[in-house]
Amino acid sequence: MKMMKSRLRDAAVVYMSAAALLLLSSIDPAAGPLTGPEGHADGPADPAVHRNGSEQLILGLSSPDEEGVLIVQHHKGTVRITGYDGEMVIVNASPRYVDTAVVASGGMKPFPGHSIKLHAIEKHNVVTVSTNSHERTIDLEVRVPFDFSLHLEKHAAGDVHVHYLRGEMEITSSAGNVSLTGISGSAVISTVEGDILLRFERVTPHAPMAFTSVTGDIDVAFPADVRASVKMMTGRGDIRSDFDIEVDRRQAKTQTSESTGIQRAFLEDWTYGSLGGGGPRFLFRSYRGNITIRKSGNHPRGAE
Amino acid sequence: MKDYRNDELVVEYIRKELTPERERELESILAGRGFDIPELHELKAVYAGLGELPVPEAGESMTARFYAMLENEKRKETERAAGRPGPGGRLLRGGFDIWWPRLAYAAVLVVIGWSVGYWAAPARRYEERVRLMSSEMTEMKRMMMFSMLNRSRASERLQAVQYFNDLAPGDDQVVTAMLDVFEHDENVNVRLAALDVLAGVISDDRVRAGLIGNVTRQDSPIIQLALVDILVSARQVQAVEPLRRLLERKDLNMVVRSRIDRGIRLLS
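Here the residue index of a chain counts from 1 through its sequence in written order. Ligands are numbered from 1 and chains lettered from A, in the order in which they are written. Given that the model is predicted, a residue must reach a pLDDT of at least 70 before its local features are reported, and side-chain atom pairs must reach 80 or more before they are shown or counted; all residues, however, enter totals for whole chains, interfaces and linings.

Caption draft 1: Representation of the overall build of chain B within the structure. For chain B, the count of helices and strands is 12 helices and zero strands. Helix and strand assignments follow DSSP, with helices taken as H or I runs no shorter than four residues and strands as E runs no shorter than two, numbered in order from the N terminus. Helices and strands appear in chain B in the N-to-C order α-α-α-α-α-α-α-α-α-α-α-α. Across the 268 residues of chain B, 24% fall into the buried class. What counts as a contact is two residues whose backbone-derived C-beta atoms lie within 7 Å of each other. Summarising the internal contacts of chain B: among those between residues at least 6 apart in sequence, 57% fall at separations of at least 24. Using C-beta atoms placed from the backbone, we call a residue buried if 20 or more other C-beta atoms fall within 10 Å of its own, exposed if 12 or fewer do, and partly exposed for counts in between.

Rendered as structure tokens:
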């Protein structure tokens, strides 16, 4: 009886110290202020957070065990999104040209918190982030748990870097390169002038993908055992691959002959083929750039 | 599920196209399911022989017998009217004498019909069921794909557009849906995929009007390029005017601008 009591006491001590540790870790000052599902940083919130006019917001998820979605609308500046081993979404926004602003205004520093506006909201595991990057160049950095899908619209100059995410990557960029490394899932990406570089570790079976660009190169690495039906077209560039793509000329021909007498020259350039015996449709189209489809782990540009 | 080879056998059997060796194959399958093959052969012979049974000529004696029978019947009728044996008793006693060979013959027919039906019908029912199921599946999949066009994930919408491209790009409902996707979907690549479907049915007036009307409405350079290519390849002269209007835009992408210049030259 006595033994049992002491065991119970031991267990209680262990439990309480674990709870204390959890409590301590949650108020770690380095992590910045904890906000609820919605956070505003467009006012002078916590002065400790402002470093050169940058802002930080940390959001919790409604269901931390489930997959999340990050929605970002960004104009000028780079966007960096990284998956990490944690449960919070940490958003950092910093103005690009702090010094020039100070010089231009004759030593007058912008009032902290008024320089940039960062807004983030979480609802049912969907996190939406926006800034006033249409007014000034803002570099945005977001850290999210690994299991996150991304929905990013990039409306002006600035590169996009995405690392270590598992989910669907949906990116539309008008200027600037888009690079994604250590990705598991699927991707639908479009740029106007920037290159697309993507390194898949795993792909979602049966999910169609599309990669399109006007002048950018498209360079995508898939696992060696990927199964897909590829449809490719480049106006002035080359198509290269270290996969054994079985080129299907027949399909291209049928498409042309179906055209009821109308000449459809634009279809002549499409190349159809299959990877690993075929699967969901992967579309690659660049008007001025090259297309490279490679096996993961076989990339000399050292992207990973 | 059934073995595909067996289905082929059944189809050949229904069409009476079975070669002797294929027939033996079918028999071995039937034997495997507990059918007695010699019995089946007998049944088949009986069934084949039914049509060849001799029908006796209506001769003199037969006519006489017929009238005698008729007389007999008439007499019985008057007897019954006089309230002698009841109708039930008469049927059991007198009726059975006359009807039993026909009843026996009918019974044989029922047995044969049932046996043959039992033998052949499951296959037919299966075939019908498969056809019904596949048309139901197609309809269900169609509905599913229409609803998938409204999903939040671009890859799901791409999948739906691809499905319609493979199946029925010219279908009226599909054209409406594809025009809607092309004009309103938020993702460039999904819009591009819908445009690709529409390009295949540009002979449709609605599609042609929709594409030409969108020349000045689409802001994405990729869509603009693809649209110019499609309209120029299909020799849509009416597109020249909206293309000229597009050229007036100051923020127009340079690649798009040169493409339109070339396109207008080709069309006019």
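Next, the rest of the story.
Caption draft 2: Up close: the overall build of chain A. In terms of regular secondary structure, chain A is built from four helices and 21 strands. Sorting the 304 residues of chain A into buried and exposed places 39% on the buried side. Relative to all contacts within chain A whose residues are 6 or more apart in sequence, the contacts with residues 24 or more apart total 61%.

Caption draft 3: Inspection of helix α10 (residues 221-233) of chain B at higher detail. All names here are of chain B. For α10, spanning 13 residues, the distance from its first C-alpha to its last is 18 Å, which sits close to the expected 18 Å at 1.5 Å a residue. Most of α10 sits inside the fold, with 13 of its 13 residues counted as buried. Once α10 finishes, Arg235 follows within two positions and takes phi at roughly 55°, a positive value. Expected span, for any helix, means 1.5 Å times one less than how many residues it has.

Caption draft 4: Region of the structure containing the confidence of the model for chain A. Residue and element names in this part refer to chain A. Each residue carries a pLDDT value, the predictor's own confidence for that position, ranging from 0 to 100. Scored by pLDDT, chain A comes out at a mean of 79, with 68% of its residues at no less than 70. Ignoring residues within four places in sequence, the model shows residues 11-37, a span with pLDDT below 50, making 16 contacts including any to other chains. In this model residues 252-268 is a low-confidence stretch, pLDDT under 50, and it forms 18 contacts with partners more than four residues away in sequence or in other chains.

Caption draft 5: The arrangement of the environment of Val215(B) in detail. Residues and elements named next belong to chain B. Considering the arrangement of structural elements, one finds Val215 in the loop between α9 (205-213) and α10. Between the C-alpha atom of Val215 and that of Val228, which follows or precedes it by 13 residues, the distance is 7.9 Å. Here Val215 is in contact with Leu227, Ala239, Pro242, Leu243 and Leu246, once residues within four sequence places are set aside.

Caption draft 6: Highlighting the nonpolar core. Of all hydrophobic cores here, the largest spans 101 residues; its most connected members are Met178(B), Ala194(B) and Leu198(B). Beyond its immediate sequence surroundings of up to four residues, Ala194(B) is in contact with Val161(B), Met178(B), Val181(B), Phe182(B) and Asp185(B). Only buried residues count toward a nonpolar core: Ala, Val, Leu, Ile, Met, Phe, Trp, Tyr and Cys, linked into one set through C-beta atoms within 7 Å.

Caption draft 7: Representation of the pairing of strand β13 (residues 196-203) of chain A. Residues and elements named next belong to chain A. By the criterion of burial, β13 is predominantly enclosed, with six of the eight residues buried. Pairing between strand β12 (residues 178-191) and β13: six bridges, direction parallel. In the sheet register, Gly185 faces β13, and the bridge partner there is Val203. Pairing geometry for β13 and strand β15 (residues 218-222), over four bridges, is parallel. Here, strands pair whenever DSSP counts at least two bridges between them.

Caption draft 8: Seen up close, the pairing of β12(A). All names here are of chain A. Among the 14 residues that make up β12, 10 are buried, leaving the element largely enclosed by the rest of the structure. As paired strands, strand β10 (residues 160-163) and β12 are joined by four bridges and run parallel to one another. Note on β12: the bridge partner recorded for His163 is Thr181. For strand β11 (residues 166-173) and β12, the ladder comprises eight bridges, and the chain directions are parallel. In the sheet register, Thr172 faces β12, and the bridge partner there is Ser190.

Caption draft 9: Region of the structure containing the packing of helix α7 (residues 172-184) of chain B against helix α8 (residues 188-199) of chain B. All names here are of chain B. One way to put it is that α7 packs onto α8 with a least axis distance of 8 Å and a crossing angle of 140°. Two packed elements cross with a definite hand, and for α7 against α8 that hand is left-handed. Between α7, through Met178, Leu179, Val181 and Phe182, and α8, the contact on the second element is made entirely by Val190, Arg191, Ala194, Leu195, Val197 and Leu198. Fitted lines through C-alpha atoms give the axes, limited to the stretch in contact for helices. The angle between two N-to-C directions lies from 0 to 180 degrees. In this scheme, a crossing is called left-handed if the near helix is turned counterclockwise away from the far one by less than a right angle; it is called right-handed if the turn is clockwise.

Caption draft 10: Region of interest: helix α6 (residues 154-167) of chain B. Residues and elements named next belong to chain B. Its 14 residues give α6 an end-to-end C-alpha distance of 20 Å, which sits within 8% of 20 Å, the value for a rise of 1.5 Å per residue. Counting buried residues along α6, 10 of its 14 residues qualify, which places the element largely inside the surrounding structure. Every buried residue of α6 is accounted for by Ala154, Ser155, Glu156, Arg157, Leu158, Gln159, Ala160, Val161, Gln162 and Phe164.

Caption draft 11: Local environment of the packing of α8(B) against α10(B). Residues and elements named next belong to chain B. Between α8 and α10, whose axes approach to 10 Å, the crossing angle comes to 10°. One finds that α8 runs roughly parallel with respect to α10. For the pair formed by α8 and α10, the contact residues are Val188, Arg191, Leu192, Leu195 and Ala199 on the first element and Ile222, Ile223, Ala226, Leu227 and Ile230 on the second. Put simply, Ala, Val, Leu, Ile, Met, Phe, Trp, Tyr, Cys and Pro go in the nonpolar bin, Asp, Glu, Lys and Arg in the charged bin, and everything else, Gly too, in the polar bin. Looking at side-chain class alone, the contact of α8 with α10 contains nine nonpolar, no polar and one charged residues. Just so you know how the angles are binned, under 35 degrees is roughly parallel, over 145 roughly antiparallel, 65 to 115 roughly perpendicular, and the rest oblique.

Caption draft 12: Quick peek at unusual backbone geometry. Residues and elements named next belong to chain A. One non-glycine residue, His124, lies in the positive phi region at around 50°. Residue placement: His124 occurs in the loop between β6 (118-123) and β7 (126-131). Judged by the 11 C-beta atoms lying within 10 Å of it, His124 is exposed. Positioned with a positive phi, His206 is a non-glycine residue whose angle comes to about 70°. Position of His206 relative to the elements: it lies in the loop between β13 and β14 (209-213). Taking the number of C-beta atoms within 10 Å as the measure of exposure, His206 has 11 and is therefore exposed.

Caption draft 13: Highlighting the environment of Ser241(A). Residues and elements named next belong to chain A. Structurally, Ser241 can be placed in strand β17 (residues 239-241). Ser241 sits in the partly exposed class, given 17 other C-beta atoms within 10 Å. Expressed as a C-alpha distance, the spacing of Ser241 and Lys295, which sit 54 residues apart in the sequence, is 8.2 Å. Those residues in contact with Ser241, other than ones at most four positions away along the chain, are Thr292, Ile293 and Arg294.

Caption draft 14: View of the confidence of the model for chain B. All names here are of chain B. In this model, chain B carries a mean pLDDT of 81, and residues with pLDDT of at least 70 account for 81%. For chain B, per-element mean pLDDT is lowest for helix α1 (residues 4-14), which scores 67, and highest for helix α11 (residues 240-247), which scores 95. In the model, residues 84-90 has pLDDT below 50 throughout and makes five contacts with residues more than four positions away in sequence or in other chains. Two numbers describe this predicted complex: its pTM, 0.67, and its ipTM, 0.75.

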